[in-house]
Amino acid sequence: MLFNSYIFIFIFLPIALIGWYGLNRLGRYKLAGFFLSAMSLWFYAYFNVSYLAIILCSIGLNYLLSLGLAWAQKKQLSKASGKIGLLAGLVLNLGILFYFKYYDFFIENINLAFHADFNLKHILLPLGISFFTFQQMSFIIDRALGRCRHYDFINYLTFVTFFPQLIAGPIVLHSEIIPQFEDPANRRFDSASFSRGIYLFVLGLTKKVLLADTFGLMANFGFAQTFSLDAVSTVIVILAYSFELYFDFSGYSDMAIGLGRMFHVELPLNFDSPYRSCSIKEFWQRWHITLSRFFITYVYIPLGGSRKGKVRMLLNTFLVFLLSGLWHGAAWTYVAWGAMQGLLVVLDSLGIVGIRGREEKRPSRFHIPAPLGWIITFTLFNLSLFFFRSSSMLAAGQLFKNLLSLQWNGKLFEIAAQLDISEIYVFRQALELTAPAAVNYLYLFVMLLLFVLAFYLIFHKNAYERATHNELTSGRCWEISILFIWCVISLSQVSTFLYFNF
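Residues numbered from 1 in each chain as written. Predicted model: local features only at pLDDT ≥ 70, side-chain atom pairs only at ≥ 80, totals over all residues. Heavy atoms only, no water.

A.B. asks: Requested: an account of the overall build of the protein chain, with residues and values cited.
C.D. replies: What the protein chain contains, in helices and strands, is 21 helices and 2 strands. Here the protein chain has a C-alpha radius of gyration of 24 Å; the compact-globule value for 502 residues is 23 Å, and the two agree. Once the C-alpha set of the protein chain is aligned to its principal axes, its extents read approximately 80 × 55 × 55 Å. Per-residue burial over the protein chain gives 54% buried out of 502 residues. Pairs at least 24 residues apart make up 74% of the contacts formed inside the protein chain by residues separated by at least 6 positions. Surface exposure of the protein chain reaches about 23000 Å², of which carbon and sulfur atoms provide 67%. Charge separation in the protein chain, taken as the distance between the mean sites of 38 positive and 27 negative side-chain charges, equals 11 Å. (Helix = DSSP H or I, 4+ residues; strand = E, 2+ residues; numbered from the N terminus. Rg over C-alpha atoms; globule rule 2.2 N^0.38 Å. Buried < 20%, exposed > 50% of the residue type's maximum accessible area, 1.4 Å probe, protein only. Contact = heavy atoms within 4.5 Å. Areas by Shrake-Rupley, 256 points an atom, 1.4 Å probe, with all protein chains shown as cover. Lys, Arg positive; Asp, Glu negative; His and termini not counted. Charge placed at Lys NZ, Arg CZ, Asp CG, Glu CD.)

A.B. asks: Quick one: what's the story with unusual backbone geometry, residue by residue and with numbers?
C.D. replies: With phi around 55 degrees, His115 is a residue other than glycine that occupies positive phi space. Take His115: it is sitting in the loop between helix H4 (80-114) and helix H5 (129-144). Here His288, not a glycine, exhibits a phi torsion of approximately 45 degrees, which is positive. Along the polypeptide, His288 turns up in the loop between helix H11 (280-284) and helix H12 (289-300). Note on His288: relative accessible area 2%, which makes it buried.

A.B. asks: Hey, could you go over the packing of helix H2 (residues 29-45) against helix H6 (residues 153-161) for me, with residue numbers and the actual values?
C.D. replies: Contact pair H2 / H6: the axes reach a minimum separation of 9 Å and the direction vectors enclose 30 degrees. Classified by chirality, the crossing of H6 by H2 is left-handed. Side by side, H2 and H6 meet where Lys30, Gly33, Phe34, Leu36, Ser37, Ser40 and Leu41 of the first sit next to Ile154, Leu157, Thr158 and Thr161 of the second. For the contact of H2 with H6, a count of residues per class yields 5 nonpolar, 5 polar and 1 charged. (Axes fitted to C-alpha atoms, helices over the stretch in contact; angles between N-to-C directions. Left-handed = near helix turned anticlockwise from the far one by under 90°. Nonpolar A, V, L, I, M, F, W, Y, C, P; charged D, E, K, R; others polar.)

A.B. asks: Residue-level account of empty space enclosed by the protein, with values.
C.D. replies: Under the definition given, this model contains 1 cavity of 30 Å³ or more. Taken as a whole, the largest cavity holds about 30 Å³ of empty space. Every residue lining the largest cavity is listed: Pro274, Tyr275, Ser277, Phe283, Trp374, Thr377, Phe378 and Phe381. Ranked by residues supplied to the lining of the largest cavity, first place goes to helix H15 (residues 370-389) with 4 residues. Partitioned by chemical class, the residues of the lining of the largest cavity number 6 nonpolar, 2 polar and no charged. (1 Å grid on protein atoms, 1.4 Å probe; cavity = no way out; pocket = protein on both sides within 12 Å on 5 of 7 lines; lining within 4 Å. Points joined across faces, edges and corners; volume = space filled by probe spheres on them.)

A.B. asks: Give me the layout of surface pockets: which residues, what numbers.
C.D. replies: Empty space within the largest pocket amounts to approximately 1100 Å³. Along the walls of the largest pocket sit 47 residues, with Thr206, Leu210, Leu211, Leu450 and Leu453 positioned nearest its centre. For the lining of the largest pocket, the elements supplying multiple residues, two or more each, are helix H9 (191-224), helix H10 (231-262), helix H19 (439-458), helix H20 (463-469) and helix H21 (474-489). It is H9 that contributes the most residues to the lining of the largest pocket, 11 residues altogether. Looking at the lining of the largest pocket residue by residue, the class counts come to 25 nonpolar, 14 polar and 8 charged. Estimated volume of the second largest pocket: approximately 680 Å³. Breaking the lining of the second largest pocket down by element, the ones donating at least two residues are H4, H5, H12, helix H13 (310-328) and helix H14 (332-349). Tallying contributions element by element places H4 first for the lining of the second largest pocket, with 8 residues. Its residues placed into classes, the lining of the second largest pocket shows 24 nonpolar, 1 polar and 1 charged.

A.B. asks: Now, about the packing of aromatic side chains: what can you tell me, with residues and values included?
C.D. replies: Under the criterion given, the structure shown has 74 aromatic pairs. With a centroid separation of 5.1 Å and an interplanar angle of 50 degrees, the aromatic rings of Phe189 and Phe194 are classed as tilted. Using a relative accessible area of 49% as the deciding quantity, one classes Phe189 as partly exposed. (Phe/Tyr/Trp six-rings, centres within 6.5 Å; stacked < 30°, edge-to-face > 60°.)

A.B. asks: Describe in detail the environment of Ala168, supporting the description with residues and values.
C.D. replies: Locating Ala168 in the fold gives a position in the loop between helix H7 (163-166) and helix H8 (174-182). The exposure class assigned to Ala168 is buried, which follows from its relative accessible area of 1%. In the structure, Ala168 is positioned 37 residues away from Phe131 in sequence and 6.4 Å away in space, judged by C-alpha atoms.

A.B. asks: Got a sec to walk through the pattern of salt bridges? Specific residues and values, please.
C.D. replies: Inspection of the entire model under this criterion finds 14 salt bridges. One salt bridge in this structure joins Asp142 and Arg147, with 3.0 Å as the shortest N-O distance. Accessibility expressed as a relative area gives 8% for Asp142, which makes it buried. Within this structure, Lys208, Asp213 and Asp248 form a network of salt bridges that share partners. (Salt bridge = Lys/Arg side-chain N within 4 Å of Asp/Glu carboxyl O.)

A.B. asks: Lay out a nonpolar patch on the surface with the relevant residues and their values.
C.D. replies: A cluster of nonpolar side chains, namely Tyr6, Phe10, Ile11, Ile15, Trp42 and Tyr46, defines an oily patch on the protein surface of about 580 Å² accessible area. Phe10 gets classed as partly exposed once you look at its relative accessible area, which sits at 44%. (Patch = residues over 30% accessible without salt bridge, like charges linked within 9 Å, V, L, I, M, F, W, Y side chains within 5 Å.)

Quick look at the structure:
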């Protein structure tokens, strides 16, 4: 089930809200938790009912492992039990993730390297497996290391399956969510939290439906024409994909936090205007914040972090980004993207270049103005998306060739023509009757407006800042109402979120 669908907005969400607050109002807290978990599982199974067995199996095995650790702690068994539990948790969760996400990729490369002929399983990737696996893995690691207690099963089930963050994050920690479900005060309806949740949800829906999906029209067409693009069209296509990805993920994150607030649950910020960043390190402090937090806490620090010298710190940093690339998908393009990001962060960590006008805690050989830092950061990230979006390394290489060719073949008009959207129907019809040759320039004008709007939005208050710091005046209520109606009308062109693929 998608957030941007009629069944979710008009059927699922009202039922979930009424059931949750109704049962809590009656003091049936356990039943309310079970109801919310059941609704979340319905939400998940709506995509494919066979996924239900996978997530329930994963939850059951992790909970049994936690129960075993609780028994060992109660019996005051040796510290070895914690190590055994830690190893078992890693094998269990990484094993599930490997089988469903990386098995065929591994076998393909074994066949290629050793000229073998092992059969591929062609396993369908279960939605959200990377997210709910990492979430449970963080819990089991903390349990094994004695950082948290064993939880009631209903609260644990709700923690893993809570539908706003189940499919594409944020990757929440048990310490952030379960105490909220355990607190009776959070079970009561709060009008301020609810209204701001609606505000965030609608702004996120607007980003997805009106912006991301529109940019996606150009990006999907362009990447399907990789080998016939010229230099200018390559730039337009990668910018279109860059903004599609930005508004898609930003929109999902806003909707997830907004839905959480409707249920009086505070989810962590996961996306904080990364395209404002003036350095690569700053970028990764703003993009997919909870994934970065996971890798820092459970990979970077256990590897030694910055405690074992600068060389080891840089190596650990590179390894984290390499794993992050692989986390996004089982393909060498994602590995290359992760390696590129890792190298850029390592170079940034060396402190060769500093940003003038910002406080620098490290000595830098060169200082550049913040605007130049932004241009460099934005350009490098967009270049890395050649790997991230391409279907193969060959296709990614072709995009770099296109960019360096400095050729023009008029492909730009075909890309712009993909913006034959309903909002310009009247203008297009008028031009077709009066000046048919000008229709292509109408599409170019719409494309230009879209890019100008995108750059405007990334440098102004984001949805989270507006929902947190601004009063919900009557003017903003009218704004939200108009945007919501506009989005509902546009839901006939529903598309999935890009991060569902990861």
